[in-house]
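Topology and contacts: notes
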Amino acid sequence: SSGINAEYGHSSPGPTTTISEKVKVIHVYRDPKDVVCSLFLFMQKDRRKVKLGFEGDFSDCVDWFLKGGLVNGCYWEFNKEYLENEDGHKILHLTYEELTLEKPAAIRKINSFLGYDELSEEDIVSVDKATSLDPT
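Quick summary incoming for the structure in this document. Everything numeric in this text was worked out from a predicted model, so none of it was measured.

Some words on the packing of aromatic side chains
Following the criterion strictly, the structure yields five aromatic pairs and no others. Considering the side-chain rings of Phe65 and Trp76, the 5.2 Å spacing of their centres and the 55° angle between planes classify their relative orientation as tilted. Linking Phe65 in helix H3 (residues 58-66) with Trp76 in helix H4 (residues 75-84), this pair joins segments that are eleven residues apart in sequence. Centre to centre, the rings of Phe78 and Tyr82 are 5.1 Å apart; their planes meet at 45°, and the pair counts as tilted. Separated by four residues within a single helix, Phe78 and Tyr82 lie in helix H4, roughly one turn from each other. When sorted by exposure, Phe78 lands in the same class as Tyr82, which is buried. Among the aromatic residues, those joined into a ring-pair cluster are Phe65, Tyr75 and Trp76. One cation-aromatic arrangement involves Arg30 over Tyr96; the distance from NZ or CZ to the ring centre is 5.0 Å.

Some thoughts on the pattern of salt bridges
A complete count under the given rule lists four salt bridges for this structure. One salt bridge in this structure joins Lys33 and Asp31, with 4.0 Å as the shortest N-O distance. With a shortest N-O distance of 2.5 Å, Arg108 and Glu121 are connected by a salt bridge. A residue pair is termed long-range when its members are at least 10 positions apart, and Arg108 in helix H6 (residues 103-113) and Glu121 in helix H7 (residues 121-130) qualify at 13 residues.

Section: the nonpolar core
Within the largest apolar cluster, ten residues are counted, these being Val35, Val36, Leu39, Phe40, Met43, Cys61, Trp64, Phe65, Leu70 and Tyr75. Contributions of two or more residues to this core are made by helix H2 (32-45) and H3. Here this core gets five residues from one element, more than from any other, and that element is H2. When neighbours within four sequence positions are excluded, Val35 is seen to be in contact with Arg30, Phe65, Leu70 and Tyr75.

Comments concerning H2
For H2, which comprises 14 residues, the first-to-last C-alpha distance of 20 Å matches the rise-based estimate of 20 Å (1.5 Å per residue) to within 8%. The set of residues buried in H2 consists of Val35, Val36, Leu39, Phe40 and Met43. Seen from one end, H2 has its buried residues packed into an arc of 130°, which puts them on one side. Seen from the open side of H2, the exposed residues pointing more than 90 degrees away from its buried face are Lys33, Leu41 and Lys45. You can read the cap of H2 off the contacts: a side-chain oxygen lies 2.7 Å from the backbone nitrogen of Lys33, and it is on Asp31.

Quick word on the packing of H2 against H3
Any two packed helices are characterised by the angle at which their axes cross and by the distance between the axes. Contact pair H2 / H3: the axes reach a minimum separation of 10 Å and the direction vectors enclose 120°. By the angle class used here, H2 and H3 are oblique. Crossing of H2 over H3 shows right-handed handedness. Along the contact surface, H2 presents Pro32, Val35, Val36, Cys37, Leu39, Phe40 and Met43, while H3 presents Phe58, Cys61, Val62, Trp64 and Phe65. Class assignment of the residues belonging to the contact of H2 with H3 gives a composition of twelve nonpolar, no polar and no charged.

Conventions we followed
- Residues numbered from 1 in each chain as written.
- Predicted model: local features only at pLDDT ≥ 70, side-chain atom pairs only at ≥ 80, totals over all residues.
- Heavy atoms only, no water.
- Phe/Tyr/Trp six-rings, centres within 6.5 Å; stacked < 30°, edge-to-face > 60°.
- Helix = DSSP H or I, 4+ residues; strand = E, 2+ residues; numbered from the N terminus.
- Buried < 20%, exposed > 50% of the residue type's maximum accessible area, 1.4 Å probe, protein only.
- Lys NZ or Arg CZ within 6 Å of the ring centre and 35° of its normal.
- Salt bridge = Lys/Arg side-chain N within 4 Å of Asp/Glu carboxyl O.
- Core = buried A, V, L, I, M, F, W, Y, C linked by side-chain atoms within 4.5 Å.
- Contact = heavy atoms within 4.5 Å.
- Expected span 1.5 Å × (residues − 1).
- Arc of directions from axis to C-beta.
- Polar contact = N/O pair within 3.5 Å; in protein donor to acceptor, adjacent residues only side chain to side chain.
- Axes fitted to C-alpha atoms, helices over the stretch in contact; angles between N-to-C directions.
- Parallel < 35°, antiparallel > 145°, perpendicular 65-115°, else oblique.
- Left-handed = near helix turned anticlockwise from the far one by under 90°.
- Nonpolar A, V, L, I, M, F, W, Y, C, P; charged D, E, K, R; others polar.

Take a look at the structure:
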């Protein structure tokens, strides 16, 4: 059977402890500069920031992030395990930026990685539209 498991954040262990050899993983990660900016904005709105071990301005947030601070675990360790892929799992690495700025190319990459026949341009447009977050 096939299925999709999507997770956001870094609360679970990486691939060496969680996936079987039959599974194909699409690892999507964001540019760390975007992550730290989003994190800082989140921390400014969230009154729990003291519980999370952070207080300060943007510069302090960058330092905290670089040292592994993140709400659900260390960004660096989580992504490192996927990118190094020491166990040889079937992993396609895509950046969030690829998915948003070069979506047709990303759709083709994902389709090929999953082993499906090449998509027509009409199919690409259909997948793009069906997976858009834009309400129009």
